[in-house]
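Spelled out, the chains give:
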Amino acid sequence: MNAPDLNNYDLIIVNSSGGKDSSCALFEVCRIADLQSFPKENIIISHQCLGKMEWKGTKELVLQQAEFFGIKNIQVTKRRTKEGYEENLLEYVERRGKFPSNKQRFCTSDFKRAPGQRVMTSAAKNLGDCKVLYVFGFRSEESPYRAKKQPIVVNELLSTQKRTVYDWLPIHDWSTKKVWDTIKLNKIPYHFAYELGMPRLSCVFCIFSPKDALVLAGKHNPELLDEYVEVETRIGHSFKNNLSIASIKNLIESGYEPTKIENWTM
């Protein structure tokens, strides 16, 4: 893919989950920045932390990756209520009385998109008229929805009279094989969850995860699994339409062993 001229932009913000795709997006940004002599002090890594809802060590991995790539500006944010209270996903689920779904993905909008936008707004507010590259690790292989995305496009929602924000997907055309080849060849730090067999580093218990991925996650996060079961019981709403989180715990207790886990679409 033809890379944009980074020096046409005042600021680059790389949204990082710590996962394989965002780490490769960061790799590409830094590789191109070195080729084009773009100053790394104008690159920010933004991690929208999910607290105990994300795999243990994720935030620390994001910091490790930042050090690996020589990025010093790392912004870690969490969802805040209107009163300024940091509310985790399970607390939010219990307050709403339902888990997120494909049609109501508040896990993404409220816990990732909104905190990430705060970072962008804060970083750009003192730049005056500016252009911002807003980077994601989305790939066309991941889902039909992401396949339709353009590699670089103006973000009309985040742009204002003074700032123009461009969403950039530097690895949009990469295959999963290329992602892992790049990670291994360049010794990019990655999360142990992949070694366990998880194809994604999202929430520990993602509503899009197949049954076997939830079982694997539950085996390695039993205390968090218990919390999900308790919330599911209290609100009387199933984790997924056709699958309760309690049934995942039952499978684990019965000795069920997950098979090879295929990736899931987001």
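No experiment lies behind these values; they were computed from the predicted model shown.

## A look at the packing of aromatic side chains
And then number 1: Tallied over the full model, the rule gives 14 aromatic pairs.
And then number 2: The interplanar angle of 15° and the centroid separation of 5.1 Å between the aromatic rings of F136 and F138 together place this pair among those described as stacked.
And then number 3: When its relative accessible area of 21% is taken as the criterion, F138 is described as partly exposed.
And then number 4: Centre to centre, the rings of F205 and Y228 are 5.0 Å apart; their planes meet at 65°, and the pair counts as edge-to-face. Of this pair, F205 sits in the loop between α7 (192–196) and α8 (211–220) while Y228 is found in helix α9 (residues 222–235), placing the two residues 23 residues apart along the sequence. In this structure, F205 and Y228 share a single accessibility class: buried.
And then number 5: Through pairs of rings, three or more aromatic residues link up here, namely F99, F205, Y228 and F239.
And then number 6: Over the face of the ring belonging to Y9 we find K131, whose NZ or CZ atom lies 5.0 Å from the ring centre.

## Overview of empty space enclosed by the protein
And then number 1: Applying the stated rule across the entire model yields one cavity of 30 Å³ or more.
And then number 2: Considering only enclosed or pocket space, the largest cavity measures out at about 150 Å³ in volume.
And then number 3: What lines the largest cavity is a set of 16 residues, among which L89, C107, C203, C206 and I207 lie closest to the centre.
And then number 4: Mapped by element, the contributors of at least two residues to the lining of the largest cavity are α3 (89–96) and α4 (106–124).
And then number 5: Ranked by residues supplied to the lining of the largest cavity, first place goes to α4 with three residues.
And then number 6: Across the lining of the largest cavity, the residue classes break down as 13 nonpolar, two polar and one charged.

## Comments concerning the state of the cysteines
And then number 1: Counting across every chain of the model gives zero disulfides.
And then number 2: No disulfide involves C49; its sulfur sits 11 Å from that of C203, the nearest cysteine.
And then number 3: The thiol sulfur of C203 is not disulfide-bonded, and the nearest other cysteine sulfur, from C107, lies at 6.1 Å.
And then number 4: The exposure class assigned to C203 is buried, which follows from its relative accessible area of 10%.

## Describing the layout of surface pockets
And then number 1: Looking at the largest pocket, its volume works out to about 1100 Å³.
And then number 2: Only α1 (20–36), β2 (43–48), α4 and α5 (144–147) provide two or more residues apiece to the lining of the largest pocket.
And then number 3: With six residues, α4 is the single largest residue contributor to the lining of the largest pocket.
And then number 4: Residues belonging to the lining of the largest pocket are distributed by class as follows: 14 nonpolar, 16 polar and 11 charged.
And then number 5: As a volume, the second largest pocket reaches approximately 270 Å³.

## Let's talk about the packing of α1 against helix α6 (residues 176–186)
And then number 1: Two elements in contact, α1 and α6, have axes separated by 10 Å at closest approach and are oriented at 65°. Between α1 and α6, the angle falls in the class roughly perpendicular. Our pair here, α1 against α6, has a crossing hand that is left-handed. Within the contact between the two elements, α1 uses K20, D21, S23, C24 and F27 and α6 uses T176, V179, W180, T182, I183 and N186.
And then number 2: Grouping the amino acids of the contact of α1 with α6 by side-chain chemistry returns five nonpolar, four polar and two charged.

## Remarks on the nonpolar core
And then number 1: Grouped together as the largest cluster of nonpolar side chains are 39 residues, with contacts concentrated most on L89, F99, F205, Y228, F239 and I245.
And then number 2: Elements with a minimum of two residues in this core: α3, α4, α7, α8, α9 and α10 (245–253).
And then number 3: Sorting elements by how many residues they give to this core places α9 first, with six residues.
And then number 4: Other than its neighbours up to four places away in sequence, I245 contacts F205, L225, Y228, V229, E232 and F239.
And then number 5: Residues C24, A25, I32 and L133 belong to the second largest nonpolar core, which totals 28 residues.

## Some points on the environment of Y85
And then number 1: Secondary-structure assignment places Y85 in the loop between β3 (73–77) and α3.
And then number 2: The class of Y85 is partly exposed, set by a relative accessible area of 45%.
And then number 3: Taking the C-alpha atoms as reference points, Y85 and V135, separated by 50 residues in sequence, lie 28 Å from one another.
And then number 4: For Y85, the residues in contact, after removing those within four places along its chain, are R79, R80 and E91.

The rules behind each value
- Residues numbered from 1 in each chain as written.
- Predicted model: local features only at pLDDT ≥ 70, side-chain atom pairs only at ≥ 80, totals over all residues.
- Heavy atoms only, no water.
- Phe/Tyr/Trp six-rings, centres within 6.5 Å; stacked < 30°, edge-to-face > 60°.
- Buried < 20%, exposed > 50% of the residue type's maximum accessible area, 1.4 Å probe, protein only.
- Helix = DSSP H or I, 4+ residues; strand = E, 2+ residues; numbered from the N terminus.
- Lys NZ or Arg CZ within 6 Å of the ring centre and 35° of its normal.
- 1 Å grid on protein atoms, 1.4 Å probe; cavity = no way out; pocket = protein on both sides within 12 Å on 5 of 7 lines; lining within 4 Å.
- Points joined across faces, edges and corners; volume = space filled by probe spheres on them.
- Nonpolar A, V, L, I, M, F, W, Y, C, P; charged D, E, K, R; others polar.
- Disulfide = S-S within 2.5 Å.
- Axes fitted to C-alpha atoms, helices over the stretch in contact; angles between N-to-C directions.
- Parallel < 35°, antiparallel > 145°, perpendicular 65-115°, else oblique.
- Left-handed = near helix turned anticlockwise from the far one by under 90°.
- Contact = heavy atoms within 4.5 Å.
- Core = buried A, V, L, I, M, F, W, Y, C linked by side-chain atoms within 4.5 Å.

In short, geometric facts, not functional conclusions.
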